[in-house]
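Chain and residue survey
Listed below, chain by chain, are the residues.
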Amino acid sequence: MTRREKTEFILEQVSLCIERGDWTQASILIRKINKRYFNRKPKKSAEEIEKLKQQAEEREKTRGPDEAPMEVDDDVTDLKLRYYDQQITLANHDYKYLDVCKHYREVLDTEAVENNPEHLRAVSQVIKLSKAMYRKSMTNFIRSLWRASSTILSCLPMTTSSQICFTASNKTPGCHKSPRRLD
């Protein structure tokens, strides 16, 4: 199998897992794809790539079972966009808005999106929205953490909190303060 075929196969498996709702298996499968594969850019013209594809097809007919298939440096933009679309879906499911923003940033850096002004505008708006959602979720998380910690401190009995302060003041050199309650 060529690298492109393997990547297509794994992406298809991930899409089936997402449709089924098997989010854990989908996240495991998508990690099997190396992101560096998407950063490759063909160094040849379209005509040269077409000629190499024809040579690969001819060689495939005479290839033995132990021989590796001929790799052709073709454009993998379609695979990259599918990969990041699935990554965005998985990150949204897990409420990981910062990861969503990072994946959209990778989509934005794709040459096909950069050359299309409509796609560029849409992706940049989604990135802004993802950042706002991340900030809001972090603010809500900090607020809920603050409420939980104040609830826990208010539930501590008087003796426990005074003992904590007393032991802390005794162990601190140069502390001449009398024990006090932490409230």
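Described in the following lines is the structure provided in the data block. Predicted model only: the values in this text are computed from it and were never measured. (Residues numbered from 1 in each chain as written. Predicted model: local features only at pLDDT ≥ 70, side-chain atom pairs only at ≥ 80, totals over all residues. Heavy atoms only, no water.)

**A closer look at the overall build of the chain**
Across its full length, the chain holds eight helices and zero strands. Reading the chain from its N terminus to its C terminus gives the helix and strand order α-α-α-α-α-α-α-α. Within the span of the chain, comprising 183 residues, buried residues form 26% of the whole. In the chain, the share of contacts with a sequence separation of at least 24, taken over all contacts with a separation of at least 6, comes to 54%. When the accessible surface of the chain is summed, it comes to about 13,500 Å², and 54% of that surface belongs to carbon and sulfur atoms. (Helix = DSSP H or I, 4+ residues; strand = E, 2+ residues; numbered from the N terminus. Buried < 20%, exposed > 50% of the residue type's maximum accessible area, 1.4 Å probe, protein only. Contact = heavy atoms within 4.5 Å. Areas by Shrake-Rupley, 256 points an atom, 1.4 Å probe, with all protein chains shown as cover.)

**Structural notes on the nonpolar core**
Counting 22 residues, the largest nonpolar core has V14, A26, I33, F38, L79, Y83 and V123 as its most contacted members. At the level of elements, helix 1 (3–20), helix 2 (23–30), helix 4 (77–93), helix 5 (97–108) and helix 7 (117–155) are the ones that each hand at least two residues to this core. Among the elements that line this core, the one with the most residues is helix 1, at five residues. With sequence-adjacent residues up to four places away left out, V123 is seen in contact with Y104, V107, L108 and V113. (Core = buried A, V, L, I, M, F, W, Y, C linked by side-chain atoms within 4.5 Å.)

**Regarding the environment of L11**
Within the secondary structure, L11 sits in helix 1. For L11, a relative accessible area of 0% translates into the label buried. Taking the C-alpha atoms as reference points, L11 and Q86, separated by 75 residues in sequence, lie 8.2 Å from one another.

**A word on unusual backbone geometry**
Negative phi is the rule for most residues except glycine; trans is the rule for most peptide bonds. Phi at Y95 takes a positive value of approximately 55 degrees, unusual for a residue other than glycine. Looking at the element boundaries, Y95 is found in the loop between helix 4 and helix 5.

**Considerations on the pattern of salt bridges**
Per the counting criterion, the structure on display carries five salt bridges. With a shortest N-O distance of 3.4 Å, R4 and E8 are connected by a salt bridge. With R4 and E8 both in helix 1 and four residues apart, the pair spans about one turn of that helix. Between D109 and R105 there is a salt bridge, with the nearest N and O atoms lying 4.0 Å from each other. Where salt bridges share partners, they join R4, E8 and D78 into one cluster. (Salt bridge = Lys/Arg side-chain N within 4 Å of Asp/Glu carboxyl O.)

**What about the packing of aromatic side chains?**
Under the criterion given, the structure shown has three aromatic pairs. Here Y37 and F38 contribute two aromatic rings whose centre-to-centre distance is 5.9 Å and whose plane-to-plane angle is 55 degrees, an arrangement assigned as tilted. Both residues of the pair, Y37 and F38, count as buried. Note on Y83 and Y84: the rings are 4.9 Å apart at their centroids and 80 degrees apart in plane angle, and the pair reads as edge-to-face. The class of Y83 is buried, set by a relative accessible area of 2%. (Phe/Tyr/Trp six-rings, centres within 6.5 Å; stacked < 30°, edge-to-face > 60°.)

**Things to note about the side chain of K80**
Position of K80 relative to the elements: it lies in helix 4. Of the side chains bearing the opposite charge, E106 lies closest to the buried K80, which forms no salt bridge; the N-O distance is 4.6 Å. In this structure K80 touches F38, N39, E106 and T110, once residues within four positions along its chain are discounted. (Lys, Arg positive; Asp, Glu negative; His and termini not counted.)

**Describing the packing of helix 2 against helix 4**
Where helix 2 contacts helix 4, the two axes come as close as 11 Å, and the packing angle between them is 140 degrees. Of the possible angle classes, the one that applies to helix 2 and helix 4 is oblique. Classified by chirality, the crossing of helix 4 by helix 2 is left-handed. Of the residues in helix 4, those touching helix 2 at W23, A26, S27 and I30 are Y83, Q86, Q87, T89, L90 and H93. Here the contact of helix 2 with helix 4 is built from residues that sort into five nonpolar, five polar and no charged. (Axes fitted to C-alpha atoms, helices over the stretch in contact; angles between N-to-C directions. Parallel < 35°, antiparallel > 145°, perpendicular 65-115°, else oblique. Left-handed = near helix turned anticlockwise from the far one by under 90°. Nonpolar A, V, L, I, M, F, W, Y, C, P; charged D, E, K, R; others polar.)

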